[in-house]
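Chain residues, written in single-letter form:
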Amino acid sequence: MPEDLPSLKKLAIRSCRKLIISVQNFPLLSELEIHGCHEVIYKGFVDYSSIKIISFVGISKFSWAAECLRLRSTKVESFEIGDCEELCSSRENNWGLLTQSMSPQYLRIEKCPQLVSIATEEEREELMQLKIPSSIVTMTIRNCERLERLSTTLYSLTLLMKLLLNGCPKLVSVVRSNLPSNLKVLWISFCKNLQCVLLDEGEAVDSNNACVLQKLNIVSCESLKRINRSVLPSTLKTLQIHQCPKLESISQEIQDNSSLESIEIYRCDMLKGLPQGLNKLKHFTSLYISNCSNLISLAESGLPTTNLEVLRFSSCRSLQALPGNMHSLNALKGLAIWNCPNVESILEGGIPTNLTSLSIGGPKIWKAILERDLHALTCLKSLSISNGCPNAVSFPQDEKGVTLPSSLTSLFISDFPKLENLSSNGFRNLTSLQCLIIENCPNLKTLPGNNMLSLQCLTIENCPNLKSLPGNNMLSSLFELEIRGCPMMEERCKRGKGPEWSKITHIPRVAVRE
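Residues numbered from 1 in each chain as written. Predicted model: local features only at pLDDT ≥ 70, side-chain atom pairs only at ≥ 80, totals over all residues. Heavy atoms only, no water.

Asks: Lay out unusual backbone geometry with the relevant residues and their values.
Replies: Each neighbour pair has its own omega, and for Phe395 with Pro396 the value is -15 degrees, a cis peptide bond. By the element assignment, Pro396 lies in the loop between strand 23 (394–395) and strand 24 (410–414). Although it is not a glycine, Asp415 adopts a positive phi angle of roughly 60 degrees. For Asp415, a relative accessible area of 32% translates into the label partly exposed. One non-glycine residue with positive phi stands out, namely Asn462, at about 55 degrees. Turning to its location among the elements, Asn462 is positioned in the loop between strand 27 (457–461) and helix 3 (472–475). Classification of Asn462 by relative accessible area gives partly exposed; the value is 33%. (Helix = DSSP H or I, 4+ residues; strand = E, 2+ residues; numbered from the N terminus. Buried < 20%, exposed > 50% of the residue type's maximum accessible area, 1.4 Å probe, protein only.)

Asks: If you had to explain the packing of aromatic side chains to someone new, which residues and values would you point to?
Replies: Tallied over the entire structure, the rule returns 3 aromatic pairs. For the ring pair Phe56 and Phe62, a centre distance of 5.4 Å and an interplane angle of 65 degrees mean the geometry is edge-to-face. We note that Phe56, like Phe62, is buried. Aromatic pair Phe56 and Phe79: ring centres 6.1 Å apart, planes at 85 degrees, arrangement edge-to-face. Taken as a pair, Phe56 in strand 3 (residues 53–57) and Phe79 in strand 5 (residues 78–82) lie far apart in primary sequence, 23 residues in all. For Phe56, a relative accessible area of 0% gives the class buried. Phe79 sits in the buried class, given a relative accessible area of 1%. Joined through ring pairs, the aromatic side chains of Phe56, Phe62 and Phe79 make up one cluster. (Phe/Tyr/Trp six-rings, centres within 6.5 Å; stacked < 30°, edge-to-face > 60°.)

Asks: How would you summarise the pairing of strand 28 (residues 480–484) if you had to cite specific residues and measurements?
Replies: For strand 27 and strand 28, the ladder comprises 5 bridges, and the chain directions are parallel. Bridging across to strand 28, Leu458 finds its partner in Leu481. Pairing geometry for strand 28 and strand 29 (residues 509–513), over 5 bridges, is parallel. Bridging across to strand 29, Arg484 finds its partner in Arg513. (Pairing = 2+ DSSP bridges.)

Next up, the structure:
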């Protein structure tokens with residue numbers, strides 16, 4: 001390959017197994033990507049190089065030229081290294097020479113099978129440890145099958161703020177005191193033998209090494225049992241745990257001065273409860289828990305009443321009760337409870353009346369809300385009901401005399417097996433409704449035909465017995481109409497032929513299909 005390319009700005013070479021590339025005389029180069037080539041002869045970069053992004057992956061041989069040692073450091077922003085055994089070999093000083101000639105802010109290490117530890121300085125041992133440049137702000141380590149630990153010297157990487165660990169099967173624990181001193185974000189995923197995170201038991205944690213972590217995200221770590229036995233870092237703002245089936249405990253309690261703002265937990269089957277102290281959190285705004293089959297209850301201390309805005313539970317089949325202070329959550333705007341068949345006590349004291357969004361799945365909960373609380377939700381904008389009334393022929397049920405809140409702008413109705421019509425009386429106040437979605441109501445035959453003059457979007461899906469649309473009085477403001485899985489309507493809405501066609505010709509966006 002030619003060496004002198006003075007105007008070159010970006011160079012990308014992939015899968016050239018016999019090619020030898022010499023790197024030096026590219027003064028305007030800003031991006032360099034070499035993947036799957038035979039050899040790279042590294043001579044450094046010229047002193048006035050503008051290189052910002054470097055990616056070395058799958059390089060069989062990495063050779064050095066003496067002149068690279070005479071060059072000044074290059075301010076590289078992003079450096080990626082993957083599957084380059086010779087470059088990362090502990091027997092050579094290639095890695096040290098390379099990192100000395102750069103000061104990258106973002107470092108990505110992938111498929112480095114001999115890597116056992118990462119640190120800031122070399123240790124005398126047979127197993128390999130990579131020295132990490134002190135300039136690193138974000139570091140990603142992926143698919144390093146022998147990585148066992150983060151060294152204690154990693155703490156001195158004072159600029160490192162974000163660390164991502166992915167696909168490292170030998171990583172068993174992450175010790176709290178080993179984390180970089182200013183680390184804000186820790187993301188761990190697909191580390192199948194990881195058992196605990198933020199481990200600090202049996203250690204005298206130095207107050208000078210206080211953890212300042214703000215975001216902790218753990219995904220698909222199948223052996224994870226706990227986060228921390230005692231308390232979470234007081235600086236933590238966001239906690240997300242997804243698909244960790246053996247997780248038993250997050251921590252015993254949350255500190256009074258905690259900055260925690262949100263918790264999101266998904267598919268953690270062994271988790272039975274949350275830490276104590278949730279009610280004391282002053283900044284907590286959202287709690288999402290989904291598919292946690294053994295979760296029985298939340299913390300007995302209750303939920304924070306000051307700033308909690310969103311509360312969502314779905315597919316927690318063992319959940320028996322929510323905290324008794326639900327009615328006092330005056331800041332709560334969004335509430336969702338789906339497929340939690342045993343939760344009824346939420347309704348004992350009523351639900352917050354300031355809700356703007358309510359999503360309910362399950363007949364018991366919906367029946368109680370319909371009969372007792374629906375009329376009080378004068379701020380409600382969005383309402384979603386699934387599997388709410390298995391025997392209802394109309395919605396809302398005419399015999400109960402219930403009307404929907406006039407404040408509604410969005411309504412979603414799903415899985416009503418016997419529903420035949422939407423009650424004109426129940427819909428008579430919906431003068432602000434803009435979006436109506438109806439799904440999986442096999443016996444639905446008619447829609448209300450009055451008073452919804454602001455409706456802009458109408459979606460009907462899997463309602464095979466629906467025979468007609470309401471008159472133009474309802475559809476006059478409609479901007480979008482979508483009908484799927486309604487064979488009768490598909491025939492009746494055919495362009496220029498079907499009897500319903502005249503009702504929808506003015507609508508800008510129409511889709512009628514199987």
